[in-house]
Amino acid sequence: MVPVECYFVLSALLFFIGVYGFVTRRNLIAMLISIELVLNAVDINFAAFNRLLFPGEFEGFFMTLFSMGVSAAESAVAIAIIINVYRNFHSDQVNSIENMKY
Amino acid sequence: MANIIMFGILAVVILGSAVMCVATKRIMRAATFLLFVLFGVAGLYFILDYTFLGAAQLSIYAGGITMMYIFAIQLVNRRTLQGLVEHVKGSRAIGAALVTLAGFLTVTIVLLKNEFLFRACEVADEEVSMNVIGEALVGSEKYQYVLPFEFISVFLLACIIGGIVVARKEKEDK
């Protein structure tokens, strides 16, 4: 069995790689992809905690399942907003929507 | 032992793909590397014997969300596809790297200093049965999850309608 520390270190690394991408990228879709990395890191942690520290219970399992559904819905709405922004500003960089109106 | 070897392979795939995903300049390549990260995470769920979770990860994330990103990139990002490179300021990248490193060290030290980590050996290598998952998902007792299940279906419906309303092209008012 893999020791649980390995999962912690892996998910912490994945989380902060996602944070780094979120801070440095200026493209809306690239920022959204970084958010997906962060969410996946959190899901790994939920599943590993549940399986290795509390076997026989299912809180982490269902938290992961529901967080998958929520993140699917979130990225669908975010992509709709990005397409609308592109249609109005003809650009998908963050700097172009500083005023939040057009 | 086989588990540890598989975990190592998956960890290398996940971390390498994630680094490439945030480091590459082209948005299409970032989406492709995101797909590899998602496959790796699904593999981790299979190692943890959560096969249902792994299957859900494959079908929702790798099958659904990545497709949606690729469609959005094709719709939005005409110039990037023709090789526009994104400018990342050096000072911003260095600052972000420092902040990231500090956060990573903090989180890792906090997690590894804890004393609750040593029950791992007791877990038997057996799959969680689909029966148990299904009963917990639609039961209404304590530790059963029919209410969030219904909530998330309503939430998905709201997001579908919201997405359509936001992305719809409005008619010009005269």
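Residues numbered from 1 in each chain as written. Chains lettered and ligands numbered in written order. Predicted model: local features only at pLDDT ≥ 70, side-chain atom pairs only at ≥ 80, totals over all residues. Heavy atoms only, no water.

> An account of the overall build of chain A is requested, with residue identities and associated values reported.
In terms of regular secondary structure, chain A is built from 3 helices and 0 strands. The linear arrangement of helices and strands in chain A, starting from the amino end, is α-α-α. Looking at chain A as a whole, 60% of its 102 residues are labelled buried. If you take every contact in chain A between residues at least 6 apart in sequence, the share linking residues at least 24 apart comes to 58%. (Helix = DSSP H or I, 4+ residues; strand = E, 2+ residues; numbered from the N terminus. Buried < 20%, exposed > 50% of the residue type's maximum accessible area, 1.4 Å probe, protein only. Contact = heavy atoms within 4.5 Å.)

> Which residues make up the UniProt feature "transmembrane region" (unreviewed entry) in chain A, and what values do they have?
Residue and element names in this part refer to chain A. When the UniProt feature table is mapped to this numbering, "transmembrane region" (unreviewed entry) covers residues 6-23, 28-49 and 61-86. This span, residues 28-49, is 100% helix and 0% strand, and a straight line between its end C-alpha atoms measures 32 Å. Taken as a whole, residues 61-86 contains 100% helix and 0% strand, while its terminal C-alpha atoms sit 37 Å from one another. (UniProt positions renumbered as here; feature names shortened; annotations may be inferred.)

> How would you summarise the packing of helix α1 (residues 2-23) of chain B against helix α2 (residues 27-47) of chain B if you had to cite specific residues and measurements?
Residue and element names in this part refer to chain B. Axis separation between α1 and α2 bottoms out at 8 Å; the angle between their running directions is 160°. Taken together, the axes of α1 and α2 are roughly antiparallel relative to one another. Our pair here, α1 against α2, has a crossing hand that is left-handed. Where α1 approaches α2, its residues Asn3, Met6, Phe7, Leu10, Val13, Ile14, Ser17, Ala18, Met20 and Cys21 are matched on the opposing element by Ala30, Phe33, Leu34, Phe36, Val37, Gly40, Val41, Gly43, Leu44 and Ile47. By residue class, the composition of the contact of α1 with α2 is 16 nonpolar, 4 polar and no charged. (Axes fitted to C-alpha atoms, helices over the stretch in contact; angles between N-to-C directions. Parallel < 35°, antiparallel > 145°, perpendicular 65-115°, else oblique. Left-handed = near helix turned anticlockwise from the far one by under 90°. Nonpolar A, V, L, I, M, F, W, Y, C, P; charged D, E, K, R; others polar.)

> Give me the packing of aromatic side chains: which residues, what numbers.
All names here are of chain A. What the rule picks out here adds up to 11 aromatic pairs over all chains. Seen in terms of ring centroids, Phe61 and Phe62 are 5.2 Å apart; in terms of plane orientation they differ by 80°. Their pairing is edge-to-face. Overall, the relative accessible area of 0% leaves Phe61 in the buried class. Given a relative accessible area of 0%, Phe62 falls into the buried group. (Phe/Tyr/Trp six-rings, centres within 6.5 Å; stacked < 30°, edge-to-face > 60°.)

> Provide a residue-level description of the pattern of salt bridges, including the pertinent values.
Summed over the entire model, instances satisfying the criterion amount to 1 salt bridge over all chains. Taking the shortest distance from any N to any O, the salt bridge between Arg51 of chain A and Asp49 of chain B comes out at 3.6 Å. Of this pair, Arg51 of chain A sits in helix α2 (residues 28-53) while Asp49 of chain B sits in the loop between α2 and α3 (51-76), which puts the two residues in different chains. For Arg51 of chain A, a relative accessible area of 7% gives the class buried. (Salt bridge = Lys/Arg side-chain N within 4 Å of Asp/Glu carboxyl O.)

> How would you summarise the nonpolar core if you had to cite specific residues and measurements?
Tyr7, Leu37 and Phe62 of chain A are the most contacted members of the largest nonpolar core, which has 65 residues in total. Going through the elements one at a time, α1 (4-24), α2 and α3 (59-89) of chain A together with α1, α2, α3 and α6 (130-138) of chain B are the ones with two or more residues in this core. Looking at which domains feed residues into this core, each of domain 1 (2-127) and domain 2 (129-174) of chain B gives three or more. Discounting chain neighbours no more than four positions away, the residues touching Leu37 of chain A are Leu14, Ile17 and Gly18 of chain A together with Ala18, Cys21, Val22, Leu34 and Val37 of chain B. (Core = buried A, V, L, I, M, F, W, Y, C linked by side-chain atoms within 4.5 Å. Domains from an automatic or database assignment.)

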